[in-house]
Amino acid sequence: MEQRLAKGQHEQALEGVLRLERTIGVNWRTRYLAGVALSSLGRWDEALAALGSAQAKNPGHARVPLYLSVAQQERGDHAAAIATLAKALESHPAMPELWLNQGHSLQAMGRGDEAQIAYWRFMDLSTQRADLQTQRAWVQRRTIKVN
């Protein structure tokens, strides 16, 4: 399933996860993979349910709240996304993607000063991450004013 997700074969990945769940049962990993596939398909309500289930089953995993926060953001629930990210940052403060998403939701809620701090933290933590260069360039183009 992960290979299909990586190749952009989201529908096939979802079908595979659902088949797997019928065979072995539901667990945090199958719910996580289903949530990622559903998110990629833009099926946000279903993604929220799957990722919420994954987080309840494995609250310490760093990637689950990242995808859950994106689904919350896509549904316009930035307050929930901030809460999800704040909890994840308690145990994963060095994960730059969490800071990036927190900055996005803070900015969407009109909390520019706090967003700027989150973006700066993202920039500090992502300097050696080649996979985040596109996001770094996006943040660098942001014109957030600090009071």
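Since the structure is predicted, the reported quantities are computational estimates derived from the model, not experimental observations.

Undergrad: Explain the overall build of the chain residue by residue, including any values.
TA: Per the secondary structure count, the chain includes 9 helices and 0 strands. The C-alpha radius of gyration computed for the chain amounts to 16 Å, which stays within 12% of the reference 15 Å derived for 147 residues, consistent with globular compactness. Based on the C-alpha atoms only, the size of the chain along its principal axes is roughly 55 × 30 × 25 Å. Excluding contacts between residues fewer than 6 apart, the proportion of contacts in the chain whose partners are at least 24 apart in sequence is 47%. For the chain, the exposed area adds up to about 8,000 Å²; of that, 50% sits on carbon and sulfur atoms.

Undergrad: Please set out the packing of helix 6 (residues 78-91) against helix 7 (residues 96-108) residue by residue, giving values where relevant.
TA: Look at helix 6 against helix 7: their axes get within 9 Å of each other, and the N-to-C directions meet at 150 degrees. Here helix 6 is positioned roughly antiparallel relative to helix 7, judged by the angle of their axes. In this structure, helix 6 meets helix 7 at a crossing whose hand is left-handed. Within the contact between the two elements, helix 6 uses His-78, Ala-81, Ile-82, Leu-85, Ala-86, Ala-88 and Leu-89 and helix 7 uses Leu-98, Trp-99, Asn-101, Gln-102, His-104, Ser-105, Leu-106 and Ala-108. Looking at the contact of helix 6 with helix 7, its residues break down into 10 nonpolar, 5 polar and no charged.

Undergrad: Quick rundown of the packing of aromatic side chains? Include the residues and the values.
TA: All told, the structure shown has 3 aromatic pairs when counted by the stated rule. Ring geometry for Trp-28 versus Tyr-32: centroids 6.1 Å apart, planes at 40 degrees, classification tilted. Taken as a pair, Trp-28 and Tyr-32 lie in helix 3 (residues 28-40) at a separation of 4 residues, close to a single helical turn. With centroids separated by 5.8 Å and ring planes inclined at 75 degrees, the aromatic side chains of Tyr-119 and Trp-138 adopt a geometry described as edge-to-face. Residue Tyr-119 is located in helix 8 (residues 112-125), and its partner Trp-138 is located in helix 9 (residues 133-141); the two are separated by 19 residues in the primary sequence. Cluster of aromatic residues (ring-pair linked, three or more members): Trp-28, Tyr-32 and Tyr-67.

Undergrad: Please provide a residue-by-residue account of helix 7, values included.
TA: Given a rise of 1.5 Å per residue, 13 residues ought to cover 18 Å, and the 19 Å separating the end C-alpha atoms of helix 7 matches this to within 8%. In terms of residue burial, helix 7 counts as a mostly covered element, since 10 of its 13 residues are buried. For helix 7, the complete set of buried residues consists of Pro-96, Glu-97, Leu-98, Trp-99, Leu-100, Asn-101, Gln-102, Gly-103, Ser-105 and Leu-106. Residues of helix 7 that are buried sit in contact with helix 5 (63-74), helix 6, helix 8 and helix 9. Downstream of helix 7 by a residue or two, Gly-110 has a phi angle that is positive, lying close to 80 degrees.

Undergrad: If you had to explain the pattern of salt bridges to someone new, which residues and values would you point to?
TA: Counted under the stated rule, the structure contains 8 salt bridges. One salt bridge in this structure joins Arg-29 and Glu-2, with 2.4 Å as the shortest N-O distance. Of this pair, Arg-29 sits in helix 3 while Glu-2 sits in helix 1 (residues 2-6), and the two are 27 residues apart along the sequence. Taking the relative accessible area as the measure of exposure, Arg-29 reaches 27% and is therefore partly exposed. Residue Arg-43 is joined to Glu-46 by a salt bridge in which the shortest nitrogen-to-oxygen separation is 2.8 Å. Among the residues examined, Arg-43 registers a relative accessible area of 30% and is labelled partly exposed. With relative accessibility at 40%, the residue Glu-46 sits in the partly exposed group.

Definitions and cut-offs
- Residues numbered from 1 in each chain as written.
- Predicted model: local features only at pLDDT ≥ 70, side-chain atom pairs only at ≥ 80, totals over all residues.
- Heavy atoms only, no water.
- Helix = DSSP H or I, 4+ residues; strand = E, 2+ residues; numbered from the N terminus.
- Rg over C-alpha atoms; globule rule 2.2 N^0.38 Å.
- Contact = heavy atoms within 4.5 Å.
- Areas by Shrake-Rupley, 256 points an atom, 1.4 Å probe, with all protein chains shown as cover.
- Axes fitted to C-alpha atoms, helices over the stretch in contact; angles between N-to-C directions.
- Parallel < 35°, antiparallel > 145°, perpendicular 65-115°, else oblique.
- Left-handed = near helix turned anticlockwise from the far one by under 90°.
- Nonpolar A, V, L, I, M, F, W, Y, C, P; charged D, E, K, R; others polar.
- Phe/Tyr/Trp six-rings, centres within 6.5 Å; stacked < 30°, edge-to-face > 60°.
- Expected span 1.5 Å × (residues − 1).
- Buried < 20%, exposed > 50% of the residue type's maximum accessible area, 1.4 Å probe, protein only.
- Salt bridge = Lys/Arg side-chain N within 4 Å of Asp/Glu carboxyl O.

By themselves these figures say nothing about function.
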